[in-house]
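Structural characterization, general
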Amino acid sequence: MTRTLRFILGDQLSRSIASLRDAEPDRDDILMVEVGAEATYVPHHPKKIAFLFSAMRHFAAELSQQGFSVDYVRLDDAGNSQDFRSELVRACERHKPDRVVVTEPGEWRVWEDMQGWAEACGVPVEIREDDRFLCSRAHFARWAEGRKQLRMEFFYRDMRRRTGLLMDGDKPVGGQWNYDQENRKSIPKGTAAPPAFAVQPDQTTQDVLALVGGRFGDHFGDLEPFDFAVTAADAEAAFEDFLAHRLASFGDYQDAMKQDSPTLWHAVISPYLNAGLLDPLTCCKRAETEYLAGRAPLNAVEGFIRQILGWREYVRGIYWLKMPDYAETNFLDADRKLPTFYWSGDTDMNCLAQAIGQTKRLAYAHHIQRLMVTGNFALLLGVAPKEVCEWYLAVYADAFEWVELPNTHGMVMHADGGVLGSKPYAASGKYINRMGDYCEHCRYDVKQGEGSKACPLNYLYWNFMMENEDRLADNPRMAMPYRTLRRFAPEKRARIAEDARRFIERIYGDPAGTEAA
Ligand SMILES: Cc1cc2nc3c(=O)[nH]c(=O)nc-3n(C[C@H](O)[C@H](O)[C@H](O)COP(=O)(O)OP(=O)(O)OC[C@H]3O[C@@H](n4cnc5c(N)ncnc54)[C@H](O)[C@@H]3O)c2cc1C
Ligand code: SF4
């Protein structure tokens, strides 16, 4: 009888995970480990660490109830060597398995390390494909082969055809693939978003909170209040709450921002999807059912499905297709430090203070805050992509490199030179003012383009265009702003550059901004 040790990582908490599929309770052992190396390779938000440890402990308890023998190593167990490889070696010494079975990880650095596990343990290690995703790495590579441009929209259409989601034969339901044009409304005055879903911490979570507070309390972010779901059942309840109360308006207000309203009509399910507590295809099918039953409009349901079936699968495909070189590119040669206020929220620019402040409190910001507020500002300022990526990987509860890196490095920083997005998402304060009410509460004037009262994003935007003219002016999608820039008199250009220089000096204490702020 072959004895198998099945090693489950912290974001593989699905009963259907490939490495558990053929598991036999009376024959196999299951290994799960809380290790310091994973909690600290970037300074993860304490809520994120607590979410993962608590979800792991709950998952282990469920497996034990199903009769499995689970060897669970806690962070503070004596002898814990605090990294995956050494813990696997120790577990092999304890259990003496004939083989180890794992599912491929979500991060390149773990994948690379995994290649040496068999040698380190002295037993074969079978690495199985993570088939919780709807597009395998191999299928994405086939889709990408020979294409000049890897655009999400075409990948998404392929995925709609493959899954049959929102399809009417071989045509998209409603006649259009994408209803994004309808999804840019601002929130009418007096309209409040439904409250966010919250779960009370049980004893297991409280034990984890005490552990995390003691060990990682110095990381950026508030540990409590903690109201994440940490079981599949509670994650499903959170998703049902979204379907019942927020999906119908998800599309309309998808790009909107509102003071003191952090989650709006968003689903707030990314940590659950990424850790394996929710299944992406089931979520898409449930949303489709809401459309078919007439409870949610097509623009909302198509928009939601596109985020998961399109964007989520697409960024993962890009990650595995392009790593490890992808992370090293820096198309715009951006080299400034990340301003220190990203770690405190202490800035007089209200949009940034709001987005960073809620990130600190909740380990959550919605897509437009990540892309058009914290991301846009880092892009305009010319922060080094690696600094920005490290921040995004650390501060969000849903951050794993396969999804964080393409979004940050590619979509936000345009560091890949256009693999992921055909142009940088650079924007002035005008965009932020159009999509929300942050500017109403700001000490800067979003209508002014120059001078000490002017919104910094306005002159930083044109300064970015001037500094990157050689790299971006030939991009057909940038033709409009460059036509406008060419009409600027030399004096106006000089004033913009001077405003930007003064602002950068104020933030960093030196004109280049390459030293620590
Ligand atoms: C700079 C930057 C960094 C990001 N880092 C992460 C990250 O580390 N982890 C992560 O899960 N998402 C990341 N995203 C994508 C997106 O912002 C989050 O998935 C979303 O905000 C999660 O909140 P929600 O569940 O309320 O999403 P909703 O707006 O309700 O969307 C539903 C689901 O769609 C998926 N989704 C939406 N947009 C994207 C996208 N661009 N890429 C991948 N999946 C998407 C998510 O699973 C999300 O839960 C990042 C986006 C940007 C611009
Ligand atoms: S005025 Fe400028 S800095 Fe202030 S909130 Fe608006 S966009 Fe942000």
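Just above, that's the structure.
Residues numbered from 1 in each chain as written. Chains lettered and ligands numbered in written order. Predicted model: local features only at pLDDT ≥ 70, side-chain atom pairs only at ≥ 80, totals over all residues. Heavy atoms only, no water.

Details of the overall build of the protein chain
Our working definition: Under the scheme used here, helices are H or I runs from DSSP no shorter than 4 residues and strands are E runs no shorter than 2 residues, and both carry numbers assigned from the N terminus. In this treatment the radius of gyration is a C-alpha quantity, and the globule benchmark scales as 2.2 Å times the residue count to the 0.38 power. Under the convention used here, Asp and Glu are negative, Lys and Arg are positive, and both His and the chain ends fall outside the count. Where a charge sits is defined by one atom per residue type, namely NZ (Lys), CZ (Arg), CG (Asp) or CD (Glu).
Scanning the protein chain from terminus to terminus reveals 22 helices and seven strands. The C-alpha radius of gyration of the protein chain comes to 24 Å, within 12% of the 24 Å expected for a compact globule of 517 residues. Seen through its principal axes, the protein chain has C-alpha atoms that stretch 80 × 55 × 50 Å. Taken together, the 63 basic and 76 acidic charged side chains of the protein chain have centroids lying 6 Å from each other.

Focus on the pairing of strand E2 (residues 29–33)
Applicable threshold: A 1.4 Å probe rolled over the protein chains alone gives each residue an accessible area, and that area as a share of the maximum for its type sets the label: buried under 20%, exposed over 50%, partly exposed in between. We treat two strands as partners when DSSP finds at least two bridges between them.
For E2, the buried fraction is high: five of the five residues fall into the buried class. With burial as the criterion, each face of E2 is covered, one bearing Asp29, Leu31 and Val33 and the other bearing Ile30 and Met32. With three bridges connecting them, strand E1 (residues 4–7) and E2 associate as parallel partners. Within E2, the residue paired with Phe7 across the bridge is Leu31.

Observations regarding the site of ligand 2
For the record, the criterion: Any residue with a heavy atom lying within 4 Å of a molecule or strand is counted as near it. Each residue gets one label: Ala, Val, Leu, Ile, Met, Phe, Trp, Tyr, Cys and Pro are nonpolar, Asp, Glu, Lys and Arg are charged, and the others, such as Gly, are polar.
Around ligand 2 sit Met349, Cys351, Gly429, Ile432, Tyr438, Cys439, Cys442, Tyr444, Val446 and Cys455, and those are all the residues in its vicinity. Of the residues assigned to the shell around ligand 2, the class counts are nine nonpolar, one polar and no charged.

Structural notes on the site of ligand 1
The test is simple: In protein, a polar contact means a hydrogen-donor-capable atom and an acceptor-capable atom, both N or O and within 3.5 Å, with residues adjacent in sequence counting only if both atoms are side-chain atoms; elsewhere, any N or O pair within 3.5 Å suffices. Note on areas: Shrake-Rupley with a 1.4 Å probe; residue coverage comes only from the protein chains shown.
The immediate surroundings of ligand 1 are formed by 30 residues, with His266, Ala267, Val268, Asn274 and Tyr364 found nearest. Within the backbone of Ser270, an N or O atom sits 3.2 Å from an oxygen atom of ligand 1. In the complex, the protein chains occlude 99% of the 800 Å² of accessible area that ligand 1 would expose alone. For the shell around ligand 1, the secondary structure elements donating two or more residues are helix H11 (270–275), helix H13 (298–322), helix H15 (367–381) and helix H17 (401–412). The residue inventory of the shell around ligand 1, partitioned by class, reads 18 nonpolar, eight polar and four charged.

Looking at the packing of helix H19 (residues 456–467) against helix H21 (residues 479–486)
The test is simple: Lines are fitted to the C-alpha atoms to define the axes, a helix being fitted only along its stretch in contact, and any angle between axes, read from their N-to-C directions, falls within 0 to 180 degrees. Every angle not falling under 35 degrees, over 145, or within 65 to 115 is termed oblique; those three ranges are roughly parallel, roughly antiparallel and roughly perpendicular. The criterion used for residue contact is that any of the two residues' heavy atoms lie within 4.5 Å.
Two elements in contact, H19 and H21, have axes whose closest approach is 11 Å; the angle formed by their N-to-C orientations is 95 degrees. For the element pair H19 / H21, the angle class is roughly perpendicular. Facing Tyr461, Trp462, Met465 and Met466 of H19, the residues of H21 in contact are Pro481, Tyr482, Thr484 and Leu485. Counted by class, the contact of H19 with H21 contains seven nonpolar, one polar and no charged residues.

Overview of the nonpolar core
As a reminder of what qualifies: Here, nonpolar core means buried Ala, Val, Leu, Ile, Met, Phe, Trp, Tyr and Cys residues that are tied together by side-chain atoms lying within 4.5 Å of each other.
If you look at the biggest cluster of nonpolar residues, it comprises 155 residues, and the most contacted ones within it are Phe51, Tyr272, Phe304 and Phe377. Each residue touching Phe304, except ones within four places of it in the same chain, is listed here: Phe239, Phe242, Leu247, Phe250, Ala267, Ile269, Cys283 and Ala287.

Points about the pairing of E1
Taking every second residue as pointing to the same face, both faces of E1 are buried, with Thr4 and Arg6 on one and Leu5 and Phe7 on the other. Taken together, the four bridges between E1 and strand E4 (residues 99–103) define a ladder with parallel strand orientation. By the bridge assignment for E4, Arg6 is matched with Val101.

Brief notes about the packing of aromatic side chains
The test is simple: Two aromatic rings, drawn from Phe, Tyr or Trp (for Trp, its six-membered ring), form a pair once their centres lie within 6.5 Å of each other, and the interplanar angle then sorts them: stacked below 30 degrees, edge-to-face above 60, tilted otherwise. Throughout this description, the term charge over a ring refers to an Arg CZ or Lys NZ atom that lies within 6 Å of the ring centre and within 35 degrees of the ring normal.
Per the counting criterion, the structure on display carries 33 aromatic pairs. Ring centres of Phe133 and Trp402 lie 5.0 Å apart, and the angle between their planes is 85 degrees; this geometry places the pair in the edge-to-face category. Linking Phe133 in the loop between strand E5 (125–128) and helix H6 (137–144) with Trp402 in helix H17, this pair joins segments that are 269 residues apart in sequence. Aromatic rings pair up to connect Phe341, Tyr342, Phe377, Trp391, Tyr392, Tyr396, Tyr459 and Phe503 into one cluster. Its end group placed over the ring of Trp320, Arg137 keeps NZ or CZ at 4.0 Å from the ring centre. Sitting above the plane of the Tyr396 ring, Arg370 keeps its charged end 4.0 Å from the centroid.

With respect to the pattern of salt bridges
Operational definition: Here, a salt bridge means any side-chain nitrogen of Lys or Arg that lies within 4 Å of a carboxyl oxygen of Asp or Glu.
Here the structure, examined in full by the defined rule, presents 40 salt bridges. A salt bridge links Glu38 to Arg109; the shortest N-O distance between them is 2.7 Å. Pair noted here: Glu38 is in helix H1 (residues 36–40) and Arg109 is in helix H4 (residues 108–114), with a separation of 71 residues, a long-range link. Note that Glu126 is salt-bridged to Arg128, the shortest N-O span being 2.8 Å.

Considering the side chain of His44
On the secondary structure map, His44 appears in the loop between H1 and helix H2 (46–65). With relative accessibility at 5%, the residue His44 sits in the buried group.

A short note on the sheet that holds E5
Read across the sheet, five strands follow the order E3-E2-E1-E4-E5 without closing on themselves; strand pairing throughout is parallel. The sheet is open, and its two borders are formed by strand E3 (69–73) and E5, each paired with just one other strand. Across the sheet, the mean angle from the axis of one strand to that of its neighbour is 25 degrees, orientation sign disregarded. Running over the sheet, helix H3 (residues 84–95) touches E1, E2, E3 and E4 and is turned about 150 degrees from E2.

Focus on helix H14 (residues 350–362)
Our working rule: Expected helix span is given by 1.5 Å per residue-to-residue step, counting one fewer step than there are residues.
If you check H14, its first and last C-alpha atoms are 18 Å apart, about what 13 residues at 1.5 Å a residue would give, namely 18 Å. Listing the buried residues of H14 in full gives Asn350, Cys351, Leu352, Gln354, Ala355, Ile356, Gly357, Gln358 and Thr359. Residues of H14 that are buried sit in contact with H15, helix H16 (385–395) and helix H18 (429–435). Just beyond H14, the residue with positive phi is Ala363, at close to 60 degrees.

Notes on unusual backbone geometry
A cis amide bond links Glu224 to the next residue, Pro225, at an omega of 0 degrees. Mapped onto the fold, Pro225 is located in the loop between helix H8 (203–216) and helix H9 (232–245). In this chain, Met323 is followed by Pro324 through a cis amide linkage whose omega measures 5 degrees. In this structure, Pro324 sits in the loop between H13 and H14. At Lys96, a position not held by glycine, the phi torsion is positive, near 50 degrees.

Focus: the side chain of His266
As for its placement among the helices and strands, His266 is situated in the loop between helix H10 (247–250) and H11. Setting aside chain neighbours within four positions, we find His266 in contact with Phe242, Arg246, Phe250, Gln254, Tyr364 and His366.

Things to note about the state of the cysteines
Let me state the cut-off plainly: Criterion for a disulfide: a pair of cysteine sulfur atoms within 2.5 Å.
Applying the stated criterion across every chain yields a total of zero disulfides. Sulfur of Cys135: no disulfide; nearest cysteine sulfur belongs to Cys284 and is 13 Å away. Judged by relative accessible area, which is 3%, Cys135 ranks as buried. Considering cysteine sulfurs only, Cys283 is the nearest to Cys284, which forms no disulfide, with 6.9 Å between them.

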